[in-house]
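Here is what each chain is made of, one letter per residue.
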Amino acid sequence: ILERPIESVAIVNVNGEAPLSAMVMHKRVVVGSDEKPYGYSLVTLPDLMGKLQQLETEPGAFLPMPEGDYGFLLLPSSDAMEKIDLDTLIVDRIPFSSSPIAAGYARETDKVFVAQNHNAGRMSFIGVHDDSFKTVTGYNLNDEIEVSE
């Protein structure tokens with residue numbers, strides 16, 4: 001199931017009940033021409049169905065949702081984040097205009113907020129279940145605020 005050495009493991013309870021999923025972060029490996037050096041595996045438990053996701057750059061923080069149905073993985077060097085369906089193991093990449101540096105979840109709005117490395121300050125808000133996307137730029141002191149959707 002796991003094709004690479006393990007760095008860390010996060011166990012997520014999907015929708016508050018079984019089945020469980022595991023997010024397995026792998027150590028960087030020296031690879032052949034058709035492989036990428038970084039990666040993680042998604043594994044459903046207890047049936048041990050797995051999927052390796054290869055990455056060209058080192059992954060950042062993993063943010064599982066409280067219900068356990070989705071998780072978000074920051075990819076700071078790729079200016080992106082991956083939205084992971086922990087039930088189906090489907091992964092969607094979300095691009096940003098600048099590097100994501102931190103993320104959190106606002107339960108009241110069902111949105112993930114992503115702080116980005118930007119001189120004027122930049123934050124994006126992503127709907128967990130509706131895929132809405134809004135970015136606010138320029139919220140640092142004395143900067144202009146621009147909102148884009």
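Here the structure is shown first, and the text comes after it.
Remember, predicted model here, so these are calculated numbers, not experimental data. (Residues numbered from 1 in each chain as written. Predicted model: local features only at pLDDT ≥ 70, side-chain atom pairs only at ≥ 80, totals over all residues. Heavy atoms only, no water.)

**Q** Describe in detail unusual backbone geometry, supporting the description with residues and values.
**A** Look at the link from L45 to P46: it is a cis peptide, with omega at 5°. Even without being glycine, L48 reaches a positive phi, approximately 60°. One can find L48 in the loop between β3 (38-45) and β4 (49-55). Here D79, not a glycine, exhibits a phi torsion of approximately 50°, which is positive. Within the element layout of this structure, D79 appears in the loop between β6 (70-75) and β7 (80-85). (Helix = DSSP H or I, 4+ residues; strand = E, 2+ residues; numbered from the N terminus.)

**Q** Can you explain the sheet that holds β6? Please cite residues and give values.
**A** Ordered in space as β5-β6-β7-β8, the 4 strands form an open sheet in which the pairing is antiparallel. The sheet terminates laterally at β5 (62-64) and β8 (91-95), the two strands that pair on one side only. Ignoring strand direction, the axes of neighbouring strands in this sheet form an average angle of 20°. Pairing between β6 and β7: 6 bridges, direction antiparallel. Paired with L75 across the strands is A80, a residue of β7. (Pairing = 2+ DSSP bridges. Axes fitted to C-alpha atoms, helices over the stretch in contact; angles between N-to-C directions.)

**Q** Got a sec to walk through the pairing of β4? Specific residues and values, please.
**A** The sheet contact formed by β3 and β4 spans 7 bridges and is antiparallel. Pairing of Y38 across the sheet is with L55, part of β4. Connecting β3 to the next strand, β4, in antiparallel fashion are 3 residues, including L48 with a positive phi near 60°.

**Q** With reference to specific residues and values, describe the pattern of salt bridges.
**A** A complete count under the given rule lists 4 salt bridges for this structure. Two residues, E82 and R93, come together in a salt bridge whose shortest N-O distance is 3.0 Å. A residue pair is termed long-range when its members are at least 10 positions apart, and E82 in strand β7 and R93 in strand β8 qualify at 11 residues. A relative accessible area of 45% places R93 in the partly exposed class. With a shortest N-O distance of 2.6 Å, K83 and D131 are connected by a salt bridge. With K83 in strand β7 and D131 in the loop between β11 (122-127) and β12 (133-137), this pair connects stretches of sequence that are 48 residues apart. (Salt bridge = Lys/Arg side-chain N within 4 Å of Asp/Glu carboxyl O. Buried < 20%, exposed > 50% of the residue type's maximum accessible area, 1.4 Å probe, protein only.)

**Q** Tell me what's going on with the sheet that holds strand β2 (residues 20-26), and back it up with residues and numbers.
**A** In space, the 4 strands of this open sheet follow the order β1-β2-β3-β4, with antiparallel pairing throughout. Of all the strands in the sheet, just β1 (6-13) and β4 have a single pairing partner and so form its edges. Along the sheet, successive strands turn relative to each other by an average axial angle of 20°, direction set aside.

**Q** Explain the packing of aromatic side chains to me, using residue names and the numbers behind them.
**A** For the coordinates displayed, the defined rule picks out 1 aromatic pair. When the ring of F96 is compared with that of F133, the centres are 6.0 Å apart and the planes differ by 35°; the resulting orientation is tilted. Placement of F96 in the loop between β8 and β9 (100-106) and of F133 in strand β12 is noted, with a sequence separation of 37 residues between them. On the basis of relative accessibility, which here comes to 31%, the residue F133 falls in the partly exposed class. (Phe/Tyr/Trp six-rings, centres within 6.5 Å; stacked < 30°, edge-to-face > 60°.)

Any functional reading would require information beyond the geometric quantities listed.
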